[in-house]
Amino acid sequence: MNTDTILPLSLDNLSFRIDGKKLINNLSHRFNAGSKTIILGPNGAGKSLLLRLCHGLLEPTSGSVAWHADPAHKQAMVFQRPVMLRRSVAANVDYALSLKGLDPRTRAIRTGKVLERTGLAHLAHHQARVLSFGEQQKLALARAWALKPQVLFLDEPTASLDPAATHAIEDVIKAIDGSGTRIIMTTHDLAQAKRLADDVLFIHRGELLESAPAESFFTRPNDPQARAFLEGQLLWWNNPETGTEMQ
Ligand SMILES: Nc1ncnc2c1ncn2[C@@H]1O[C@H](COP(=O)(O)OP(=O)(O)OP(=O)(O)O)[C@@H](O)[C@H]1O
Ligand SMILES: [Mg+2]
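First, a word on scope: everything that follows refers to the structure included in this document. (Residues numbered from 1 in each chain as written. Chains lettered and ligands numbered in written order. Predicted model: local features only at pLDDT ≥ 70, side-chain atom pairs only at ≥ 80, totals over all residues.)

1. Examining the site of ligand 1
Next, step 1: By nearness alone, every residue bordering ligand 1 is listed as I18, L23, G41, N43, G44, A45, G46, K47, S48, L49, E156 and H188.
Next, step 2: Per element, the largest residue contribution to the shell around ligand 1 is three residues, and it comes from helix 1 (residues 47–55). (Near = placed C-beta within 6 Å. Helix = DSSP H or I, 4+ residues; strand = E, 2+ residues; numbered from the N terminus.)

2. Here's the deal with the sheet that holds strand 4 (residues 62–67)
Next, step 1: Taken in spatial order, the three strands make up an open sheet running 2-1-4, and their pairing is antiparallel. Edge positions in the sheet fall to strand 2 (21–31) and strand 4, since each has one partner strand and no second. When the angles between neighbouring strand axes are averaged without regard to direction, this sheet yields 20°.
Next, step 2: Bridge count between strand 1 (residues 9–18) and strand 2: seven bridges; the pairing is antiparallel. Bridged to L11 within strand 2 is H29. (Pairing = 2+ DSSP bridges. Axes fitted to C-alpha atoms, helices over the stretch in contact; angles between N-to-C directions.)

3. Let's talk about the environment of L23
Next, step 1: Positionally, L23 belongs in strand 2.
Next, step 2: Overall, the presence of 19 C-beta atoms within 10 Å leaves L23 in the partly exposed class.
Next, step 3: Spatially, the C-alpha atom of L23 lies 33 Å from that of A175, the residues being 152 residues apart in sequence.
Next, step 4: Those residues within four positions of L23 in sequence are excluded, and the remaining contacts are F16, R17, I18, G46, L49 and G206. (Buried ≥ 20, exposed ≤ 12 C-beta atoms within 10 Å, placed from the backbone. Contact = placed C-beta atoms within 7 Å.)

4. Examining the packing of helix 2 (residues 89–98) against helix 4 (residues 133–146)
Next, step 1: Running from N to C, helix 2 and helix 4 point in directions that differ by 30°, and their axes come no closer than 9 Å. Along this stretch, helix 2 crosses helix 4, giving a crossing that reads as right-handed. When helix 2 is examined against helix 4, the residues V89, N92, V93, A96 and L97 are found in contact with a partner set consisting of L139, A142, R143 and A146.
Next, step 2: Taken together, the residues that form the contact of helix 2 with helix 4 break down as seven nonpolar, one polar and one charged. (Left-handed = near helix turned anticlockwise from the far one by under 90°. Nonpolar A, V, L, I, M, F, W, Y, C, P; charged D, E, K, R; others polar.)

5. Side note on the environment of S62
Next, step 1: Along the chain, S62 falls in strand 4.
Next, step 2: By C-beta crowding, S62 is classed as exposed, having 11 other C-beta atoms within 10 Å.
Next, step 3: Along the backbone, S62 and F153 are 91 residues apart, and their C-alpha atoms lie at a distance of 22 Å.
Next, step 4: What S62 contacts, discounting residues up to four positions off in sequence, is N13 and S15.

Quick look at the structure:
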């Protein structure tokens, strides 16, 4: 097996513009090997766009996204609204594995294991599309985990879930982290970021305003906008630096 590590992932002056609007603006960062990074920021900050650029679904307008080694088949992403195939829960995982060219026996073993570990084994033969949102989100995670990616991008994996389902998903994320997969995840949920982050990137209006270990970010944020966000202020109309309204 090819065990080349694909990290670090380097973003160099990354920009993404549509109709002249700077949706991601000159963003530079290096994702090293490590644990769970949370990309935190208010709605519309550019979190989903940033993940899509990292995953390779979008081409930057300028700047670059560079992996240490070819990331093909070694990084995966779970979307904010995952799409389930019109087949059983197990077949959804199996199909993802078949795209990787794995043989049926390996696929069956991996599928069984991952459904067990995500608490979905009892639903293996149910139609994926009749699952609850929380179960579908678990299946999306299971499907990605089965691929054993080195890096897994998660875009708001608990958006619109209730607290119990949110905690169940967070447990799965911790298990994936425990298995050695590097997690890079977005959220606008501060409490969730505090529960999961080892380090934090704070973005606002397409700009990376702060990057810090979780402990220092949550106790001593440097950036005034990050401080405002942590204090629960509404960043899109309140400018903490001037106290005036932003356009
Ligand atoms: N295809 C597009 N065309 C024009 N504008 C876009 C496009 N995609 C995203 N945007 C804009 O870019 C900004 C960032 O969007 P993005 O989805 O990355 O935000 P986000 O931080 O993920 O927000 P949320 O927390 O609501 O998911 C938003 O203002 C959005 O309207
Ligand atoms: Mg988003």
